[in-house]
Each structure stands twice: as structure tokens, then as C-alpha cells.
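One-letter residues, chain by chain:
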Amino acid sequence: MFLSRIPVLSRCLLKGCSSWNPKAPMGQPRCIAIAAYDINGKLVSSTEMSSAPVAVIYTWATYNYDSQDIQRELKSRQKKSNGKLKLMAFCLDASKSECKNNIKRDSITCPIICNGEMLEDKTLKKLGLGNLPDNIILQNGKIIARGMKKQELYNKLDQLLK
């Protein structure tokens, strides 16, 4: 896979940060530097996410209905956010074609990374995303929440996107 040839860590969002610390307390500086190719072959980096007032990095799969529901709701909220919300997704399917069919059917336009490695993906491990569904919420480039349940995620986004 061409994904394995690119560096997982590209640059830190926070100057002076040298490594990712998934255990740092909420609101504390953390590095979230990634670079990967999305399902369409476009290079996606964490820099795009840091420029948004609010961003969500999340996991989903075609075989997990909760994650698909969350994805559809995030798509809807992104449309209503007037550019305030950016999304990046990791599809945990073993098959790229299943992922592509699903995003085409649901008209998902955010960058989706799917390399067939499922939960063994190195980038997911670096981010500390190990569940399905799972998520990280960023506000102005800082991680403010992670691993939120569906309703908690929606409530947090309502609060942040007022």
C-alpha cells in the first residue's frame, strides 16, 4: 500500500511539541500531527484540521450502524456550520471498495482514510483511536475531548458551534 510509504508524523500543530501524548489532560497542549492519503489519493494532513474553529476526527465502518449514523449526522452539522466544522474520517473496513461505495451512496465529502488495516492502522494508534466508533474533537487546533458517546458528541458540537 502506498500509505505505508508516507511519514505518519509530519509536523506538530503546536510549536515546540515533539511527540503525541494521548494521555495529556483535556485542554492541555498535545501534538496531533498526521499525514496520510485519503481514499481518492489526496494527501491529507493535520494542518487542515488545525485551521478550523472546530474539527472532528472519527472512525467508522460500513458494518457498524452507530458509526454510520454518527457520520451522517456529522455531515449534516458540517453543512449547517457555515465552514466552522471540519471533518476527517478513518474507515475501518478491510475493503476499500466497500468504503468507496458507502461514501458515494451517502455523499460523504470529507477526507476519508481507508487502507484496509482496520484497527491496526499506525496512524490510528498514534492518535489513540482504538474503538468503533471513536472520535477526537479539536477546537482551534487543541484537543478538547475524545471518545465521546453519540449524544455527548452532539451536545459538545452544539455548544462549540453556537
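Before reading further, recall that the structure is shown in the block above.
One structure accompanies this document, and this report is about it. Note that the coordinates shown come from a computational prediction; the quantities given were computed from them, not determined experimentally.

Below, the discussion takes up the nonpolar core. Counting 26 residues, the largest nonpolar core has Ile112 and Ile137 as its most contacted members. For Ile137, the residues in contact, after removing those within four places along its chain, are Val54, Ala55, Val56, Lys142, Ile143, Ile144, Ala145, Met148, Leu153, Lys156 and Leu160. Grouped together as the second largest cluster of nonpolar side chains are 18 residues, Val44, Ala52, Met88 and Ile143 included.

Turning next to the sheet that holds strand S6 (residues 134-139). What the five strands build is an open sheet, ordered S5-S4-S3-S6-S7; its pairing is mixed. A single partner strand is all that each edge strand has here, and the edge strands are strand S5 (112-113) and strand S7 (142-146). Looking at chain direction, strand S3 (residues 54-60) and S6 are connected through six bridges and run antiparallel. The partner of Ile57 across the bridge, within S6, is Ile136. Sheet strands touched by helix H2 (residues 65-80): S3, strand S4 (85-91) and S5. Its angle to S4, the strand with the most contacts, is close to 155 degrees. Seen against the sheet, helix H3 (residues 96-105) touches S3, S4 and S5 and runs at an angle of roughly 130 degrees to S3.

Tallied over the full model, the rule gives zero disulfides. Counting only cysteine sulfurs, Cys99 is the nearest neighbor of Cys91, a cysteine outside any disulfide, at a range of 3.4 Å. Sulfur of Cys110: no disulfide; nearest cysteine sulfur belongs to Cys99 and is 9.8 Å away. Taking relative accessible area as the criterion, Cys110 reaches 10% and is therefore assigned buried.

Looking now at the packing of H2 against helix H5 (residues 150-160). Close contact between H2 and H5 brings their axes to 11 Å; oriented N to C, the two are set at 10 degrees. Taken together, the axis directions place H2 and H5 in an arrangement best described as roughly parallel. Here Asp66, Asp69, Ile70, Glu73, Leu74 and Arg77 of H2 come into contact with H5, specifically with Lys150, Leu153, Tyr154, Leu157 and Asp158. Taken together, the residues of the contact of H2 with H5 break down into five nonpolar, no polar and six charged.

Every buried residue of H3 is listed here: Cys99, Asn102 and Ile103. Along the long axis of H3, the arc covered by the buried residues comes to 95 degrees, so they all point the same way. In H3, those exposed residues whose orientation departs by more than 90 degrees from the buried face are Asn101, Lys104 and Arg105. Against the buried residues of H3 lie S3, H2, S4 and S5.

Analysis parameters
- Residues numbered from 1 in each chain as written.
- Predicted model: local features only at pLDDT ≥ 70, side-chain atom pairs only at ≥ 80, totals over all residues.
- Heavy atoms only, no water.
- Core = buried A, V, L, I, M, F, W, Y, C linked by side-chain atoms within 4.5 Å.
- Buried < 20%, exposed > 50% of the residue type's maximum accessible area, 1.4 Å probe, protein only.
- Contact = heavy atoms within 4.5 Å.
- Pairing = 2+ DSSP bridges.
- Helix = DSSP H or I, 4+ residues; strand = E, 2+ residues; numbered from the N terminus.
- Axes fitted to C-alpha atoms, helices over the stretch in contact; angles between N-to-C directions.
- Disulfide = S-S within 2.5 Å.
- Parallel < 35°, antiparallel > 145°, perpendicular 65-115°, else oblique.
- Nonpolar A, V, L, I, M, F, W, Y, C, P; charged D, E, K, R; others polar.
- Arc of directions from axis to C-beta.

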